[in-house]
Amino acid sequence: RRSAPGAERTRTMSCTIRPAEPADIPDILTLIKGLAAYERMLDQVQATEADLLASLFPAAGEAPIVHCVLAHAGDEPVGFALYFFNYSTFLGRPGLYLEDLFVEPPGSAGSRPANDVAPSSPLMVAEASLLTGPQPTGPKPTVPPAPASC
């Protein structure tokens, strides 16, 4: 079957998503740097493998501060999601905050084709911030100080 003139062909590749393991720490840091490069903020990455290991896989008996899942195209890591659990005092319910979601763009340096990355099981996200363009450059809004009687 022929495609319409000008239509792009999409190459699909099987993709798996699984929870991160301690051995994945170098790949996670590489993907974090890929996200930072995409956002033109690579110079601001201070995280180290030791930081990630301590936060994602703390000592026995301690709860992780954050959680991570990795997307793989074949055997190669192509994306990650970093999230943590929160609590809504207004709703009285626990939630999940998606801190970062990144999939390497096809054709980027060191990337593998990853056109169809989707979780194999549904994830519910209570909150997330989506960066779609340049960040605002003006001053951040300030919160007025609390009254002295508080």
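Residues numbered from 1 in each chain as written. Predicted model: local features only at pLDDT ≥ 70, side-chain atom pairs only at ≥ 80, totals over all residues. Heavy atoms only, no water.

Participant: Could you clarify how one ought to interpret the packing of aromatic side chains in this entry?
Facilitator: A ring pair, where both rings are aromatic, is described by two values, the distance of the centres and the angle of the planes. Scanning the entire structure with this criterion turns up 2 aromatic pairs. Judged by centre distance (5.8 Å) and plane angle (85°), the rings of tyrosine 83 and phenylalanine 85 are edge-to-face. (Phe/Tyr/Trp six-rings, centres within 6.5 Å; stacked < 30°, edge-to-face > 60°.)

Participant: Looking at this structure, I do not really get helix H1 (residues 25-38). What am I missing?
Facilitator: In a regular helix each residue adds 1.5 Å, so 14 residues correspond to 20 Å; H1 covers 20 Å between its end C-alpha atoms and thus fits that length. The complete set of buried residues in H1 reads Ile25, Ile28, Leu29, Leu31, Ile32, Leu35 and Ala36. All buried residues of H1 project into a common sector of 160° when viewed along the axis, lining one side. Along its buried surface, H1 packs onto helix H2 (49-56), strand E2 (67-73), strand E3 (76-88) and strand E4 (93-103). Arginine 40 occupies a position one or two residues after H1 and carries a positive phi of about 55°. (Helix = DSSP H or I, 4+ residues; strand = E, 2+ residues; numbered from the N terminus. Expected span 1.5 Å × (residues − 1). Buried < 20%, exposed > 50% of the residue type's maximum accessible area, 1.4 Å probe, protein only. Arc of directions from axis to C-beta. Contact = heavy atoms within 4.5 Å.)

Participant: Explain the pattern of salt bridges here, please?
Facilitator: Should their charged atoms come close, side chains of opposite charge can pair. One pass over the full model with this rule turns up 1 salt bridge. Taking the shortest distance from any N to any O, the salt bridge between arginine 18 and aspartate 24 comes out at 2.7 Å. A relative accessible area of 25% places arginine 18 in the partly exposed class. By relative accessible area, aspartate 24 is classed as buried at 6%. (Salt bridge = Lys/Arg side-chain N within 4 Å of Asp/Glu carboxyl O.)

Participant: Is there a simple way to think about unusual backbone geometry in this case?
Facilitator: The phi torsion of most residues other than glycine is negative, and most of the peptide bonds are trans. Phi at arginine 40 is positive, roughly 55°, even though this residue is not glycine. Tracing the chain through its elements places arginine 40 in the loop between H1 and H2. Relative accessible area serves as the criterion here: at 76%, arginine 40 is assigned to the exposed category.

Participant: Please clarify how the pairing of E2 should be interpreted in this entry.
Facilitator: Residues in a regular strand project their side chains so that they alternate between the two faces of the sheet. Most of E2 is tucked away, with 6 of its 7 residues classed as buried. As paired elements, strand E1 (residues 15-19) and E2 share 5 bridges and run antiparallel to each other. Along E2, the bridge assignment pairs arginine 18 with leucine 70. Pairing analysis gives 7 bridges linking E2 to E3, with the strands arranged antiparallel. Within E3, the residue paired with valine 69 across the bridge is alanine 81. (Pairing = 2+ DSSP bridges.)

Participant: Would you explain the nonpolar core in this entry?
Facilitator: Inside soluble globular proteins, nonpolar side chains tend to come together where they are buried. Formed by 15 residues in total, the largest nonpolar core has its most connected members in Ile28, Leu52, Leu56, Cys68, Leu70, Phe80 and Leu82. Elements represented by at least two residues in this core include exactly H1, H2, E2 and E3. When residues in this core are grouped by element, the largest group, 6 residues, is from H1. Dropping the residues within four chain positions of it, isoleucine 28 is found in contact with Ala20, Leu52, Leu56, Cys68 and Leu70. Ranked by size, the runner-up nonpolar core spans 5 residues in total, among them Val69, Ala81, Tyr83 and Leu98. (Core = buried A, V, L, I, M, F, W, Y, C linked by side-chain atoms within 4.5 Å.)

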